[in-house]
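# Chain and residue survey
Each chain is listed here by its residues.
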Amino acid sequence: MQVDCGKGQTMEDSDIKIFGKEQAQSCDDELRLISLMEEERANGNIDKAARLGDYLAEIFLDEDGLLQRLESVVGELDYPQNILFQIKILLFFAAEYTINRTLPNTVLKSTAINALYGNIKDGDGAFYAEFSDGAEYSFYYLAMRKESASVIAEIGKAFAMLCGKENEKNFIELGKNLFNLTVEEVEHIIDIFAFTGV
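What counts and what doesn't
Residues numbered from 1 in each chain as written. Predicted model: local features only at pLDDT ≥ 70, side-chain atom pairs only at ≥ 80, totals over all residues. Heavy atoms only, no water. Buried < 20%, exposed > 50% of the residue type's maximum accessible area, 1.4 Å probe, protein only. Helix = DSSP H or I, 4+ residues; strand = E, 2+ residues; numbered from the N terminus. Arc of directions from axis to C-beta. Contact = heavy atoms within 4.5 Å. Axes fitted to C-alpha atoms, helices over the stretch in contact; angles between N-to-C directions. Parallel < 35°, antiparallel > 145°, perpendicular 65-115°, else oblique. Left-handed = near helix turned anticlockwise from the far one by under 90°. Nonpolar A, V, L, I, M, F, W, Y, C, P; charged D, E, K, R; others polar. 1 Å grid on protein atoms, 1.4 Å probe; cavity = no way out; pocket = protein on both sides within 12 Å on 5 of 7 lines; lining within 4 Å. Points joined across faces, edges and corners; volume = space filled by probe spheres on them.

### Notes on helix H6 (residues 125–133)
Every buried residue of H6 is accounted for by Phe127, Tyr128 and Phe131. Angularly, the buried residues of H6 cover 100° about the axis, an arc narrow enough to put them on a single face. Exposed and oriented more than 90 degrees from the buried face of H6 are Ala126 and Asp133. Elements that come into contact with the buried residues of H6 comprise helix H4 (81–102), helix H5 (106–123) and helix H7 (136–145).

Spelled out as structure tokens, the structure:
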């Protein structure tokens, strides 16, 4: 059956049915999201996710303290500012990756990451502007997607390349160690926050 839409346009009956299904699906998705948000708010997880983002931002904003913590594990980080910037970018990527991998749903992931980004933007606008406009993240995403025996090795290679030290094994190792260290630390921090159902 055709429906006259005016101006010489018609709509098939099947078009109406498809539209109705899509609209119903969208409504169901919204209701599920609202229900999930209510559940996560009630059990305290949304508050914990926001505090997690705040806490991680405090660590990143204290650059001297962050470098001291890292040096105790990976050795001296006496590098020029451009290398220190790449270190912070890698740590930030690893933290965001761990949040996305560890927290159980989009509501908690986005709450934690929005708090992290918001605090970084407020506390270190220059770093936020530079990394949010930069291409560094895309290289790490590509490294994660490569068909490789070791994603961590690809992360190390990407880090070395971004530092302008593409073939230097010590920089590849540094990138791998920094990534692994950050993932372990953020997983530990998430455990401390004791999310319900995680």
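### Topic: the packing of helix H8 (residues 151–162) against helix H9 (residues 169–193)
H9 packs onto H8 with a crossing angle of 120° between their chain directions and a minimal axis gap of 7 Å. Taken together, H8 and H9 sit at an angle that is classed as oblique. Where H8 crosses over H9, the handedness of that crossing is right-handed. Contact residues: H8 offers Ile152, Ala153, Ile155, Gly156, Lys157, Phe159 and Ala160, while H9 offers Phe171, Ile172, Leu174, Gly175, Lys176, Leu178, Phe179 and Asn180. Taken together, the residues of the contact of H8 with H9 break down into 10 nonpolar, three polar and two charged.

### Observations concerning the packing of H5 against H6
Interhelical geometry of H5 versus H6 gives an angle of 125° and a closest axis separation of 5 Å. When the axis of H5 is compared with that of H6, the two are oblique. When H5 is examined against H6, the residues Tyr117, Ile120, Lys121 and Gly123 are found in contact with a partner set consisting of Gly125, Phe127, Tyr128 and Phe131. Considered class by class, the residues forming the contact of H5 with H6 number five nonpolar, two polar and one charged.

### A few points about the layout of surface pockets
Here the largest pocket defines a volume of roughly 220 Å³. Among the elements of the structure, helix H2 (45–61), helix H3 (63–74) and H9 are those that each provide at least two residues to the lining of the largest pocket. Per-element tally for the lining of the largest pocket: the top contributor is H9, with five residues. The computed volume of the second largest pocket comes to approximately 170 Å³. Of all the elements in the fold, those that place two or more residues in the lining of the second largest pocket are H7 and H8. Across the lining of the second largest pocket, the residue classes break down as six nonpolar, one polar and four charged.

Worth remembering: the numbers are spatial, not functional.
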